[in-house]
There are 2 protein chains.
Amino acid sequence: MFKIVIIGSGNVATHLIQAFSKNETVDLIQVFARKKKNLLPFIAPAKIVDNLSDLKEADLYIIAVSDDAIEQVAKQISFENKLVVHTSGSYDFSWISNKNRKGVFYPLQTFSKNKAVDFKTIPLCLEAENEADYAVLEKIAKSVSDKVYQINYRQRQSLHVAAVFVNNFVNHLYHIGSEICDNNQVDFGILKPLIEETANKINQLPPKEAQTGPAKRQDFNTIERHLNFISDDNQKNIYQMLTQSILSNGKKL
Amino acid sequence: MFKIVIIGSGNVATHLIQAFSKNETVDLIQVFARKKKNLLPFIAPAKIVDNLSDLKEADLYIIAVSDDAIEQVAKQISFENKLVVHTSGSYDFSWISNKNRKGVFYPLQTFSKNKAVDFKTIPLCLEAENEADYAVLEKIAKSVSDKVYQINYRQRQSLHVAAVFVNNFVNHLYHIGSEICDNNQVDFGILKPLIEETANKINQLPPKEAQTGPAKRQDFNTIERHLNFISDDNQKNIYQMLTQSILSNGKKL
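So, here's what we can say about the structure. (Residues numbered from 1 in each chain as written. Chains lettered and ligands numbered in written order. Predicted model: local features only at pLDDT ≥ 70, side-chain atom pairs only at ≥ 80, totals over all residues. Heavy atoms only, no water.)

## Quick look at the overall build of chain A
(1) Moving on: In terms of helices and strands, chain A carries 8 helices and 8 strands.
(2) Moving on: Its C-alpha atoms put chain A at 65 × 40 × 30 Å along the principal axes.
(3) Moving on: For chain A, the residues scored as buried account for 57% of the 253 residues in total.
(4) Moving on: Excluding contacts between residues fewer than 6 apart, the proportion of contacts in chain A whose partners are at least 24 apart in sequence is 50%.
(5) Moving on: Of the accessible surface of chain A, which amounts to about 11000 Å², a share of 44% is contributed by carbon and sulfur atoms.
(6) Moving on: Taking the average place of the 30 positive charges on the side chains of chain A and the average place of its 28 negative ones, the gap between the two points comes to 1 Å. (Helix = DSSP H or I, 4+ residues; strand = E, 2+ residues; numbered from the N terminus. Buried < 20%, exposed > 50% of the residue type's maximum accessible area, 1.4 Å probe, protein only. Contact = heavy atoms within 4.5 Å. Areas by Shrake-Rupley, 256 points an atom, 1.4 Å probe, with all protein chains shown as cover. Lys, Arg positive; Asp, Glu negative; His and termini not counted. Charge placed at Lys NZ, Arg CZ, Asp CG, Glu CD.)

## A closer look at helix α5 (residues 192-201) of chain A
(1) Moving on: With 7 of its 10 residues buried, α5(A) lies for the most part within the structure.
(2) Moving on: Looking only at α5(A), the buried set comprises Pro193(A), Leu194(A), Ile195(A), Glu197(A), Thr198(A), Ala199(A) and Lys201(A).

## Side note on the sheet that holds strand β2 (residues 26-32) of chain A
Picture the strands of a sheet paired through backbone hydrogen bonds; they go either parallel or antiparallel.
All names here are of chain A.
(1) Moving on: The 8 strands lie next to each other as β3-β2-β1-β4-β5-β6-β7-β8, forming an open sheet whose pairing is mixed. Sheet topology places β3 (48-49) and β8 (148-150) at the edges, where each strand pairs with a single neighbour.
(2) Moving on: Sheet topology places β2 next to β3; 2 bridges connect them, and they run parallel. Residue pairing for β3: Val-31 is matched across the bridge by Ile-48. (Pairing = 2+ DSSP bridges.)

## Thoughts on the packing of helix α7 (residues 220-229) of chain A against helix α4 (residues 153-183) of chain B
For any two helices packed against each other, one specifies the crossing angle of their axes together with the interaxial distance.
(1) Moving on: At a closest axis distance of 10 Å, the pairing of α7(A) and α4(B) adopts a crossing angle of 110°. Comparing their axes, α4(B) and α7(A) come out roughly perpendicular. Seen from α7(A), the contacting residues are Thr222(A), Arg225(A), His226(A) and Phe229(A); seen from α4(B), they are Tyr153(B), Arg154(B), Gln157(B), Ser158(B), His160(B), Val161(B) and Val164(B).
(2) Moving on: Looking at side-chain class alone, the contact of α7(A) with α4(B) contains 4 nonpolar, 5 polar and 2 charged residues. (Axes fitted to C-alpha atoms, helices over the stretch in contact; angles between N-to-C directions. Parallel < 35°, antiparallel > 145°, perpendicular 65-115°, else oblique. Nonpolar A, V, L, I, M, F, W, Y, C, P; charged D, E, K, R; others polar.)

## With respect to the environment of Lys251(B)
(1) Moving on: Following the sequence through the fold, Lys251(B) ends up in helix α8 (residues 233-252).
(2) Moving on: Along the primary structure Lys251(B) and Gln30(B) are separated by 221 residues, whereas in three dimensions their C-alpha atoms are 56 Å apart.

## Things to note about the environment of Lys208(A)
All names here are of chain A.
(1) Moving on: Residue placement: Lys-208 occurs in helix α6 (residues 207-210).
(2) Moving on: We classify Lys-208 as partly exposed; its relative accessible area is 31%.
(3) Moving on: Distance in space between the C-alpha atoms of Lys-208 and Ile-140 is 36 Å, their sequence separation being 68 residues.

## Focus on the packing of aromatic side chains
(1) Moving on: Taken as a whole and assessed by the stated rule, the structure comprises 14 aromatic pairs over all chains.
(2) Moving on: Between Phe165(B) and Phe169(B) the ring centres are 5.2 Å apart and the planes differ by 80°, which places this aromatic pair in the edge-to-face class. Highlighted residues: Phe165(B) and Phe169(B), both in helix α4, separated by 4 residues, approximately one helical turn.
(3) Moving on: Residue classification places Phe165(B) among the buried positions, given a relative accessible area of 0%.
(4) Moving on: Among the aromatic residues, those joined into a ring-pair cluster are Phe165(A), Phe169(A) and Tyr239(B). (Phe/Tyr/Trp six-rings, centres within 6.5 Å; stacked < 30°, edge-to-face > 60°.)

## Remarks on the relation of the copies chain A and chain B
(1) Moving on: Mapping chain A onto chain B calls for a rotation angle of 180° and an axial translation of 0.0 Å; the resulting RMSD is 0.0 Å. Put plainly, the chains are arranged around a two-fold axis. For chain A, the smallest separation between a C-alpha atom and the rotation axis is recorded for Val170(A), amounting to 2.7 Å.
(2) Moving on: Most of the interface of chain A is mirrored in chain B, where 99% of its interface residues again form contacts. (Least-squares fit on C-alpha atoms with pLDDT ≥ 70 in both.)

## Thoughts on the sheet that holds strand β6 (residues 101-107) of chain B
All names here are of chain B.
(1) Moving on: An order of β3-β2-β1-β4-β5-β6-β7-β8 is seen for the 8 strands of this open sheet, with the pairing classed as mixed. On the outer flanks of this sheet lie β3 (48-49) and β8 (148-150), each paired with one strand and no other.
(2) Moving on: In terms of strand pairing, strand β7 (residues 124-128) meets β8 through 3 bridges, oriented parallel. Along β8, the bridge assignment pairs Leu-126 with Gln-150.
(3) Moving on: Packed onto the sheet, helix α3 (residues 131-142) meets β1 (2-7), β2 (26-32), β4 (60-63), β5 (83-86), β6, β7 and β8 and runs at close to 160° relative to β7.

## Focus on the interface of chain A and chain B
(1) Moving on: Each partner contributes residues to the interface: chain A has 88 residues there, and chain B has 88 residues.
(2) Moving on: Taken together, both faces of the contact between chain A and chain B bury some 8700 Å²; the carbon and sulfur share is 67%.
(3) Moving on: There are 37 residue pairs in polar contact (both at pLDDT 80 or more) connecting chain A and chain B.
(4) Moving on: With 28 residues, the single largest contributor to the side of chain A that touches chain B is helix α4 (residues 153-183) of chain A.
(5) Moving on: Taken together, the residues of the side of chain A that touches chain B break down into 45 nonpolar, 32 polar and 11 charged. (Buried area = accessible area lost by both parts, 1.4 Å probe. Polar contact = N/O pair within 3.5 Å; in protein donor to acceptor, adjacent residues only side chain to side chain.)

## Quick notes on the side chain of Ser143(A)
All names here are of chain A.
(1) Moving on: Locating Ser-143 in the fold gives a position in the loop between α3 (131-142) and β8.
(2) Moving on: The exposure class of Ser-143 is buried, given its relative accessible area of 18%.
(3) Moving on: Apart from residues no more than four positions distant in its own chain, Ser-143 is found in contact with Phe-20, Asn-23, Thr-25, Val-26 and Lys-120.

## Some points on the pairing of strand β4 (residues 60-63) of chain A
Residues and elements named next belong to chain A.
(1) Moving on: Taking every second residue as pointing to the same face, both faces of β4 are buried, with Leu-60 and Ile-62 on one and Tyr-61 and Ile-63 on the other.
(2) Moving on: Two strands pair when backbone bridges link them, and β4 and strand β5 (residues 83-86) are joined in this way by 4 bridges, in the parallel orientation. Each bridged residue has a counterpart across the sheet, and for Leu-60 the counterpart in β5 is Leu-83.

## A closer look at the pattern of salt bridges
(1) Moving on: Applying the stated rule across the entire model yields 12 salt bridges over all chains.
(2) Moving on: Glu138(A) serves as the salt-bridge partner of Lys142(A), at 3.8 Å between the closest nitrogen and oxygen. Placement of both Lys142(A) and Glu138(A) in helix α3 is noted, with a separation of 4 residues, approximately one turn of the helix.
(3) Moving on: Across the salt bridge formed by Glu57(B) and Lys82(B), the nearest N and O atoms sit 2.9 Å from each other. Here the residue Glu57(B) occupies a position in the loop between β3 and β4, and Lys82(B) occupies one in the loop between α2 (70-76) and β5, the gap between them amounting to 25 residues.
(4) Moving on: Residue Lys82(B) is classed as buried on the basis of its relative accessible area of 16%. (Salt bridge = Lys/Arg side-chain N within 4 Å of Asp/Glu carboxyl O.)

Laid out in structure tokens, this is it:
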């Protein structure tokens, strides 16, 4: 069994802790959190430390903290020549101190405290400095997920940016949709089958082929009616910019 | 059984034809299409007419044509005092000629030719000039869908605008995500579990609570790294505008 230590207590860390808790490949021997109580629902108190100098020797250290804390935390791991990875989508592994062997263990999913996820379905994007370490990372990753990918830094950055578009921005558009419904006394729930089908559709058609709507069919009448209907300036600007983007995209065909 | 006639041969019309084809409440007696052959996969050739003056007498005429053709088509229905509805999300029923009783039968879903949908799950938004007609529309709607709503014009307009945000624009963001992946030799499929989870999450949390990402946590470092990574000006403008919108939204809390 591989001995692993997880450093962090945020959304990614707590989901990793739960995924590794019942596992025959991995022994989660310790977790670091500045505030121990954040982790009490997820792991035995005896395994939690709040001082990095108390870390035990392990085969893998997973640093699951905010991007700008990675460098500082990595420096404080007192061991040398150990495999140390971070979970960031946008940082190179060079932020991990040179005294250890570096890698990345990036779970490409949106984690919220109050929403369980099936870890088996989460894509894990791995990178390591050398082949032997990659092999270890891959074994550990495959023990918790069915979707494990070898992804270099440039690819990972592109996934992280693309994820902002297909997750953060998409969710924000859901929010705008819910605001428009609220302002007109309509149940946002009426839109949920449409939202679900929109997400499902791209399993059968590329998004470009799945595109429908007034911008796609260059229906300028409807676009004008919509712009007249929208009273919020920010919503109007977003409507105009995305409509223009779909129109330009059509011309590229 | 209610006798109905469907006018049109586009995506909405063909999905309605299929939904009404095997139905114990409704007898789909006729369909109008300018080009008969478009409908041959969906209905017996004898039931298709290509001249509006050949329409038979029916309890309900469903005009499922493009918005700007509704008025012209409605005028050409030679019968009087019949229930005539259109399927538009953004047009008032006043576009239907005064000689008939008016209503709306608006299916709130994205239809594509090459993608089957389960009609039972499609929200049908109904409106009629009088209660008796509404009752008929409701019976007919409930024979094909489990989700039937009485929705007035203002509400329907708001749903149509909201649908552009949560469907058309969301799908366009999927397309941008796929372009970013393609440009960096990454399989867009890696993002599909994230896309699915993003859509599922709002069944448990309101979109505002489900929001994550650099803009939500005011992580300006990551935002700057992303903007440096994106080379396409249009993608960069969209990134900036939606980031700004999430940031302003956070301040409203």
